[in-house]
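Per-entry structural report
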Amino acid sequence: VKWKGKDLFDLVCRTLGLRETWFFGLQYTIKDTVAWLKMDKKVLDHDVPTEEPKTFHFLAKFYPENAEEELVQEITQHLFFLQVKKQILDEKIYCPPEASVLLASYAVQAKYGDYDPNVHKRGFLAQEELLPKRVINLYQMTPEMWEERITAWYAEHRGRARDEAEMEYLKIAQDLEMYGVNYFAIRNKKGTELLLGVDALGLHIYDPDNRLTPKISFPWNEIRNISYSDKEFTIKPLDKKIDVFKFNSSKLRVNKLILQLCIGNHDLFMRRRKADSLEVQQMKAQAREEKARKQMERQRLAREKQMREEAERTRDELERRLMQLKEEATMANEALMRSEETADLLAEKAQITEEEAKLLAQKAAEAEQEMQRIKATAIRTEEEKRLMEQKVLEAEMLALKMAEESERRAKEADQLKQDLQEARESERRAKQKLLEITSKSSYTQSMNSSTTTLPSDLPSFNLISESLSFDFKDTDMKRLSMEIEKEKVEYMEKSKHLQEQLNELKTEIEALKLKERETALDILHNENASRGNSKHNTIKKVS
């Protein structure tokens, strides 16, 4: 009951392990207006709703100018990533369609890790909320078409850890015009309705219909004083020649909130331009060491993964070779069996032919005997003699035919014996080949067993049981600095490539756009883009 706002806020920060507390606060809603818990005031003394339980939202109250340089802790980066992503999806921050697809791809990388076509199959993003509804409704594109374009960029982010993907998301999001801006409805002295925007760079005045391009900007370093009396708010520029800007808000409570945000953003603006405090220096040193440790750990894991993949490739190659040898052995065995069968058939045929030749020879002998007998018993009469001569002639012709047939059968038997000899020679060669393949197969199996068994001391992917310690010397830090400089150069090249990709996607989907569904912010963004206006050069122009 006696706790102050700071007690509750510190408890939340300790629970999260958060040290960069100056960006955050506890927000609550009262009478359709947001308010922030004051650190030095009792929680129950605030004008909080009376219903139970009392609900506070832990949110980023102030935004960094440069997320990569200012957000040190990984938990801080993660909380900003979650909040900015929700604001883009809820359309509280305007994001052009092509940038929405790119941001969605980094969100997928942060959640799912590296793209794997065997795991991340078509439809794996069907249940994910990745694009603002405004973008989806603006084009005649199916969810599958959006997923295809997101996945194409997601595949390019391979190798990025979760914190790196989230930081890339924030680096793109911080260049959006509505990023980190708190808008309030105001009226100037003439009663004209305007919008006041408060962010990390200063105060900006907008037309109610154009939240992207400010009419006037007051950078924090050019403001001498900010104050309010009742509902009237006064901004005094540093240059006394410039007129004081006064406006009225709808409620006194809103003026208090505006002043809170102005003081907090101004303090952070000045802190960024001074040397870091000892605490921040310590945090940044720890973050650099942690980043280097993670980089070394990722490199070690990459080497282990490569070694495993090479061992698996070698094992697969040996298994493939073994299967090939087995197939060759099977084919040789089948050829041997066919040769044996052929030899048996030829031997049987030769035997039959030989028996037929013997039978024919026997018949020829019998015919010769019959002819001799007929000659001996020839009838003496002339008629009988003529008939006998005719029979003798026929018998001689038959004997001649029998002799020719016998000779042909004998030649055929010789040919079959020669074929049998060749078949046996083929059988001998097939047996010799089978013996060679069998010896190769046994050698490959021994190699396979020695290679496929991964060494027991091969590093595992399990990170839980390992503990690493690193001693960072001056040389290590110099090398790290050189790597950071190299990363900056690479980042500039990537930014150029990224812009080309964004333009390419914009051109690709332009034909599918439904012009009648464009919102006022879409039209304003396109006009700014055609003029070459960006968030930062616009603020410089109107300051």
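Residues numbered from 1 in each chain as written. Predicted model: local features only at pLDDT ≥ 70, side-chain atom pairs only at ≥ 80, totals over all residues. Heavy atoms only, no water.

**Concerning the UniProt feature "binding site: a 1,2-diacyl-sn-glycero-3-phospho-(1D-myo-inositol)" (unreviewed entry) in the chain**
To keep things clear, this is the line we draw: UniProt positions are given in the numbering used here, feature names are shortened, and annotations may be inferred rather than shown by experiment. Numbering of helices and strands runs from the N terminus; a helix is a DSSP stretch of H or I covering at least four residues, while a strand is a stretch of E covering at least two. Only protein chains enter the accessibility calculation, which uses a 1.4 Å probe; a residue is then buried when its area is under 20% of its type maximum, exposed when over 50%, and partly exposed in between. Whether two residues touch is decided by their heavy atoms; if any such pair falls within 4.5 Å, the residues are in contact.
Under the UniProt annotation, "binding site: a 1,2-diacyl-sn-glycero-3-phospho-(1D-myo-inositol)" (unreviewed entry) lies at Lys38, Met39, Asp40, Lys41 and Lys256. Structurally, the position occupied by lysine 38 is in the loop between strand S2 (33-36) and strand S3 (57-60). With a relative accessible area of 36%, lysine 38 lands in the partly exposed category. Excluding anything up to four places from it in sequence, lysine 38 contacts Gly5, His46 and Gln260. Tracing the chain through its elements places methionine 39 in the loop between S2 and S3. Sequence-distant contacts of methionine 39, defined by excluding residues within four places in its chain, comprise Lys4, Gly5, Lys6 and Phe9.

**Looking at the nonpolar core**
Buried together is how nonpolar side chains tend to be arranged in soluble globular proteins. Selection rule: Side-chain atoms within 4.5 Å link the members of a nonpolar core, which is a set of buried Ala, Val, Leu, Ile, Met, Phe, Trp, Tyr and Cys residues. Note that domain bounds follow an automatic or database assignment of domains.
In this structure, Val84, Ile88 and Leu203 are the most contacted members of the largest nonpolar core, which totals 88 residues. Per element, the largest residue contribution to this core is 9 residues, and it comes from helix H4 (residues 97-112). Built from parts of two domains, this core gets at least three residues from each of domain 1 (5-174) and domain 2 (182-274). The residues contacting isoleucine 88, other than those within four sequence positions of it, are Ile93, Cys95, Leu103, Pro132, Tyr169, Ala173 and Leu176. Judged by nonpolar contacts, the second largest core, of 6 residues, contains Ala343, Ala350, Leu420 and Ala423.

**Topic: the environment of alanine 403**
Here alanine 403 is to be found in helix H10 (residues 382-452). The class for alanine 403 is partly exposed, based on a relative accessible area of 40%.

**Observations regarding the sheet that holds strand S7 (residues 216-219)**
Note the following rule: What makes two strands pair is DSSP finding at least two bridges between them. The axes are straight lines fitted to the C-alpha atoms, using for helices just the contacting stretch, and the angles between their N-to-C directions are given from 0 to 180°.
Taken in spatial order, the 7 strands line up as S7-S6-S5-S4-S10-S9-S8 in an open sheet, and their pairing is antiparallel. At either margin of the open sheet sits one strand with a lone partner, and together these are S7 and strand S8 (223-229). Direction aside, the axes of adjacent strands within the sheet are offset by 30 degrees on average. Note that S8 and strand S9 (residues 232-237) share 6 bridges and pair antiparallel. Opposite asparagine 225, over in S9, you have lysine 236 as the bridge partner.

**Looking at helix H1 (residues 5-16)**
What counts is decided by this rule: Helix span, as expected, comes to 1.5 Å for every residue beyond the first. The arc under discussion is defined with respect to the helix axis, by the directions toward the C-beta atoms.
Relative to the 16 Å expected for 12 residues at 1.5 Å per residue, H1 spans 17 Å between its end C-alpha atoms, a close match to the ideal helical length. Those residues of H1 that sit buried are Gly5, Phe9 and Cys13. Taken around the axis of H1, the buried residues stretch over an arc of 55 degrees, which confines them to a single face. When the buried face of H1 is taken as reference, the exposed residues oriented beyond 90 degrees from it are Arg14 and Thr15. Contacts from the buried residues of H1 go to strand S1 (24-30) and S3. Following H1 by one or two positions, glycine 17 has its phi on the positive side, about 70 degrees.

**Looking at the side chain of histidine 157**
Counted only if it meets this: Identification of polar contacts relies on pairs of N or O atoms within 3.5 Å, with a donor-acceptor requirement for protein atoms, meaning one able to donate a hydrogen and the other able to accept it, and with residues adjacent in sequence counted only if both atoms are side-chain atoms.
Within the element layout of this structure, histidine 157 appears in the loop between helix H6 (143-154) and helix H7 (162-173). In this structure histidine 157 comes out as buried when scored by relative accessible area, which is 5%. Among the polar contacts listed, one links the side chain of histidine 157 to the side chain of serine 105, at a separation of 2.9 Å. When residues no more than four places from it in sequence are discounted, the contact partners of histidine 157 are Leu102, Ser105, Tyr106, Gln109 and Asp114.

**Brief notes about unusual backbone geometry**
At the junction of glutamate 52 and proline 53, the peptide bond is cis and its omega measures out at -10 degrees in the coordinates. Inspection of the secondary structure assignment puts proline 53 in the loop between S2 and S3. Despite not being glycine, glutamate 91 has its phi angle at roughly 65 degrees, a positive value. For glutamate 91, the position within the fold is in the loop between helix H3 (74-89) and H4. By relative accessible area, glutamate 91 is classed as partly exposed at 35%.

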